Amino acid sequence: MTILSYLKALNRAISDEMARDEAVCVFGEDVRVAVTNVTAGLVKRFGDGRVLDMPISEQAFTGIATGAAMAGRRPVIEYQIPALLFIAFEQIVNQAHKFSLMTGGQTHVPVTYLIPSSGSRDGWAGQHSDHPYSLFAHVGVKTVVPATPADAYGLLVTAIRDDDPVVVFAPAGAMGRRQDVDLAQLAPVPLGLGRIHRPGTDVTVVAVGHLVHTALEVAEELADTIDVEVFDPRSLHPFDWQGLAESLERTGRLVVIDDSNRSCGIGGEILATAAEQMRLVAPPKRITRPDGAVLPFAEGLDRALQPSREQLRHAIQAVAKTGSAR
Amino acid sequence: MRRFEERAIELVHAGHIFGGIHPYIGQEAVAAGTCAALRADDLITSTHRGHGHVLAKGADPARMMAEIAGRSTGLNAGRGGSMHAADFGIGILGANAIVGAAAPIATGAAWAARCAGSDRVVVTYFGDGAVSQGVVLETFNMAALWRAPVVFVCENNGFATTTRTADAVAGSITGRAEAFGIPAERVDGRDAEEVFAATSRAVARARREEGPTLLECVTYRFDAHHTWEHAARPRYRTAEEVQLGSSIDPLDIQGARIDPDLRARIDADIEALLEEAVRFALESPHPDPATALDHLYADGTTARAGAI
Ligand SMILES: Cc1ncc(C[n+]2csc(CCOP(=O)(O)OP(=O)(O)O)c2C)c(N)n1
């Protein structure tokens, strides 16, 4: 067994895919010297014809990746900051994502958009702390948010092999994770397949990204009184609705914890779908950032707007008490 | 192109085309001259005013007409319409409805083609409106740095919808490219042979791996920005101005170079071809609404219904 860090898992996934498939190439700012470390060692191994430093031109290089993908390459773009997705949004959502349908299936755009350190990073404030995965799920771009090193590896590999555009959010809150793994066992993780990290019978907690770890901690704290099941969807679009329905068959109670803004966020979608189609014996709850939140700089303010462990504990306790008996 | 669009406008007015189209009438020499300088395996990207480019690159007029009439036999099986017509089999990477957005896509395709060892060239068309889009200028920078085999063809037809070029473009269009070290040429966009000659030079440069060129093709849009304009009648140019602008017709310029008998035969052939294209389009089936989200994902992932 080897200790695998989340960062190393991302690096290994790109490296393995570049070795497996010559079409895979890396675009990004400062990727050759690997300022974020995600692309460390790739130039040395694969050459600067496949690992390309880009000017600060997110719209252009995102569009260039689309054209390159339509001509047979499989670019992986690394964005240094989640907010750069807003600059590139046009080229991802309006171009890359739409080409397959608009051309009647004549082309596909296999580009992976990787955002290492999405969400709040200490002290980075308003323009560096967004976690915009809900936007991509909303428009229908395949969207994944791995919580563990092994899943980071497996989901990134799948994203690179996928023939559609896929956005991979690596939450800042998960980047420090390490895991004891057998490297030979690392494998692709299919999109749209959730994972139960902890089985339970009383309440299902759906946790997104780094909040999976928060949910597991809270579940342990409450273990004497409430048996919490922790469900990690891993990909938000496609979403493992069947896996969620099966979990709710067992528990009938639902709490969602999601580090994106409340209104039109993925948390709201999970609640709505559960309410429409699944077995619930109590009103569900969600914990999110506030509506339209912009993360303020001061530490206390930043933390105040992020979903917290206390909020989760209270929500689980409240949901466990309400509703009819199962 | 001219006759195709005249037919298409009739179909818009008769209600056979859903929405409307952006006529290319008056600008045909640009598409004809540029595409004539390309090989069959070269690529193009086009714009919201793309019928001319798509036809000149060799798309089947019947399938093109069916596409803009939203039929399942269309180039894109009715999924793209006028502003997204694409035929990847003959190098048409799609018309694009977002002004300027195709410039990087073309450049990416050009880069990938060169990496694959081919000497293909990509022509990307855009209007004078697009030279004020940041992404186009970002793309100039990168295409020049990489010496990408791409030819930027700016069709300066005098207007971006209703805004005159002079009111929207500071400096010059060629100067924008020159600032990035891209050679730029201002060409009479009404003379197909002049456009052909300039494009041939640009394509040859690109094939020699000397990098991109910008051609500013100066032309004039005779018709409306879009067929809605006939209903809305926004006032941004006078009838006299349109008449004056339309008095130099690229069809007359090129037509005068062709033997009258030959021209009459070409005209008759085209009439027959378009007759057939309209018939084909109108007799083709409408796509089945149950297939409206087909092709959304490459792997056939299906979307959940909006209402349950
Ligand atoms: C980025 C963007 N902004 C605005 C529009 C709306 N729009 C469609 S065509 C057009 C004018 C474009 O002018 P130009 O590029 O000169 O091309 P032309 O219509 O003259 O062929 C505008 C503003 C758009 N499609 N895309």
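Residues numbered from 1 in each chain as written. Chains lettered and ligands numbered in written order. Predicted model: local features only at pLDDT ≥ 70, side-chain atom pairs only at ≥ 80, totals over all residues. Heavy atoms only, no water.

(A) Structural detail: empty space enclosed by the protein. Tallied over the entire structure, the rule returns 2 cavities of 30 Å³ or more. As a volume, the largest cavity reaches approximately 80 Å³. B:Thr47, B:Ile98, B:Val99, B:Gly100 and B:Phe126 are, among the 15 residues lining the largest cavity, the residues nearest its centre. For the lining of the largest cavity, the secondary-structure elements that each account for two or more residues are α5 (102-115) and β2 (122-127) of chain B. Counting residues per element, the lining of the largest cavity draws most heavily on β2(B), which supplies 4 residues. When the residues that make up the lining of the largest cavity are grouped by side-chain class, the tally is 8 nonpolar, 7 polar and no charged. The volume enclosed by the second largest cavity comes to roughly 40 Å³. For the second largest cavity, the full set of lining residues is A:Gln95, A:Phe99, A:Met102, A:Thr103, B:His84, B:Ala86, B:Gly94, B:Ala95 and B:Asn96. Class assignment for the residues of the lining of the second largest cavity results in 4 nonpolar, 5 polar and no charged. (1 Å grid on protein atoms, 1.4 Å probe; cavity = no way out; pocket = protein on both sides within 12 Å on 5 of 7 lines; lining within 4 Å. Points joined across faces, edges and corners; volume = space filled by probe spheres on them. Helix = DSSP H or I, 4+ residues; strand = E, 2+ residues; numbered from the N terminus. Nonpolar A, V, L, I, M, F, W, Y, C, P; charged D, E, K, R; others polar.)

(B) Region of interest: the sheet that holds strand β12 (residues 235-237) of chain A. All names here are of chain A. Pairing is mixed across the open sheet formed by 7 strands, whose spatial order is β3-β2-β4-β5-β7-β6-β12. Strand pairing shows two members of the sheet lacking a second neighbour, β3 (51-53) and β12, which therefore form its edges. If you compare each strand with its neighbour and ignore which way they point, the axes differ by 20 degrees on average. When strand β6 (residues 142-144) meets β12, the two strands line up antiparallel, connected through 2 bridges. Counted as the bridge partner of threonine 143 is histidine 237 from β12. Contacting β2 (24-28), β4 (74-78), β5 (112-118), β6 and β7 (166-171), helix α6 (residues 149-161) crosses the sheet at an angle of about 155 degrees to β5. (Pairing = 2+ DSSP bridges. Axes fitted to C-alpha atoms, helices over the stretch in contact; angles between N-to-C directions. Contact = heavy atoms within 4.5 Å.)

(C) Looking closely at the packing of helix α3 (residues 58-70) of chain A against helix α4 (residues 84-102) of chain A. All names here are of chain A. Following both chains from N to C, one finds α3 and α4 inclined at 25 degrees, their axes separated by 8 Å at the closest point. Classified by the angle between their axes, α3 and α4 sit roughly parallel to one another. Crossing of α3 over α4 shows right-handed handedness. Contacts between α3 and α4 involve Glu58, Gln59, Thr62, Gly63, Thr66 and Met70 from the former and Leu84, Ile87, Ala88, Glu90, Gln91, Ile92, Ala96 and Phe99 from the latter. Among the residues making up the contact of α3 with α4, the classes are represented as 7 nonpolar, 5 polar and 2 charged. (Parallel < 35°, antiparallel > 145°, perpendicular 65-115°, else oblique. Left-handed = near helix turned anticlockwise from the far one by under 90°.)

(D) Representation of the packing of helix α4 (residues 61-68) of chain B against helix α13 (residues 260-283) of chain B in the model. Residues and elements named next belong to chain B. Running from N to C, α4 and α13 point in directions that differ by 40 degrees, and their axes come no closer than 8 Å. Classified by the interaxial angle, the pair formed by α4 and α13 is oblique. When you trace α4 past α13, the crossing you get is right-handed. When α4 is examined against α13, the residues Pro61, Ala62, Arg63, Met65 and Ala66 are found in contact with a partner set consisting of Leu273, Leu274, Ala277, Val278, Phe280 and Ala281. Of the residues belonging to the contact of α4 with α13, the class tally is 10 nonpolar, no polar and 1 charged.

(E) Local environment of the sheet that holds strand β13 (residues 254-261) of chain A. Residues and elements named next belong to chain A. The 5 strands are arranged β9-β11-β10-β13-β14 in an open sheet whose pairing can be described as mixed. The outermost strands of the open sheet, each flanked by one partner alone, are β9 (195-198) and β14 (285-289). This sheet shows a mean twist of 25 degrees between the axes of neighbouring strands, independent of strand direction. Contacting β9, β10 (203-207), β11 (228-232) and β13, helix α9 (residues 241-251) crosses the sheet at an angle of about 150 degrees to β10. Here helix α10 (residues 266-277) sits on the sheet in contact with β10, β13 and β14, set at roughly 155 degrees to β13.

(F) Here's a closer look at the interface of chain A and chain B. Of the residues lining the interface, 45 residues belong to chain A; the matching set on chain B comes to 38 residues. Both faces considered, chain A and chain B share a buried interface measuring about 3300 Å² in area, 64% of it formed by carbon and sulfur atoms. Broken down residue by residue, the surface that chain A buries against chain B is led by A:Ile64, A:Leu101 and A:Gln106, which jointly contribute 19%. On the surface where chain A and chain B come into contact, there are 2 salt bridges. Between A:Lys142 and B:Asp299 there is a salt bridge, with its nearest N and O atoms 2.9 Å apart. Every element with two or more residues in the side of chain A that touches chain B is listed here: β2, α3, α4 and α10 of chain A. The dominant element in the side of chain A that touches chain B, judged by the number of residues it contributes, is α3(A), at 10 residues. For the side of chain A that touches chain B, the residue count by class is 15 nonpolar, 21 polar and 9 charged. (Buried area = accessible area lost by both parts, 1.4 Å probe. Salt bridge = Lys/Arg side-chain N within 4 Å of Asp/Glu carboxyl O.)

(G) Local environment of the pattern of salt bridges. Residue and element names in this part refer to chain B. Within the structure shown, the criterion is met by 38 salt bridges over all chains. A salt bridge links aspartate 267 to arginine 263; the shortest N-O distance between them is 3.8 Å. Here the residue aspartate 267 and the residue arginine 263 both occupy positions in helix α13, the gap between them amounting to 4 residues, near one helical turn. A relative accessible area of 33% places aspartate 267 in the partly exposed class. A residue is classified by how much of its surface remains accessible, and arginine 263, at 27% relative accessible area, is partly exposed. Here the salt bridges share partners, and the residues they tie into one network are Arg3, Glu6, Arg7, Glu271 and Glu275. (Buried < 20%, exposed > 50% of the residue type's maximum accessible area, 1.4 Å probe, protein only.)

(H) Here's a closer look at the layout of surface pockets. The calculated volume of the largest pocket comes to roughly 850 Å³. The set of elements that each furnish at least two residues to the lining of the largest pocket consists of α1 (2-13), α2 (28-36), α3 (51-56), α9 (192-207), α12 (250-255) and α13 of chain B. Of all the elements, α13(B) adds the most residues to the lining of the largest pocket, at 7 residues. Computed from the structure, the second largest pocket encloses a volume of approximately 650 Å³. Around the second largest pocket, the lining comprises 28 residues; the ones closest to its centre are A:Ala137, A:His138, A:His237, A:Glu269 and B:Arg304. Sorting the residues of the lining of the second largest pocket by element identifies α5 (133-139), β12 and α10 of chain A as the ones contributing at least two each.

(I) Structural detail: helix α6 (residues 134-146) of chain B. Residues and elements named next belong to chain B. End to end, α6 covers 18 Å across 13 residues, agreeing with the expected 18 Å (1.5 Å per residue, within 8%). Buried residues of α6: Val135, Val136, Glu138, Thr139, Phe140, Met142, Ala143, Ala144 and Trp146, and no others. Just downstream of α6, arginine 147 is the residue with a positive phi angle, here 45 degrees. (Expected span 1.5 Å × (residues − 1).)

(J) Summary view of the pairing of strand β7 (residues 213-218) of chain B. Residue and element names in this part refer to chain B. In terms of burial, β7 is largely enclosed, as 5 of its 6 residues are buried. When strand β3 (residues 150-156) meets β7, the two strands line up parallel, connected through 6 bridges. Across the sheet, the residue bridging to phenylalanine 152 is leucine 214, located in β7. Sheet topology note: the strand β6 (residues 184-188)/β7 ladder contains 5 bridges and is parallel. Bridging from a neighbouring strand, alanine 184 pairs with leucine 214 of β7. One crossover worth recording links β6 to the parallel β7 by way of α9, and it is right-handed. (Right-handed = clockwise from strand over helix to strand, strands pointing away.)

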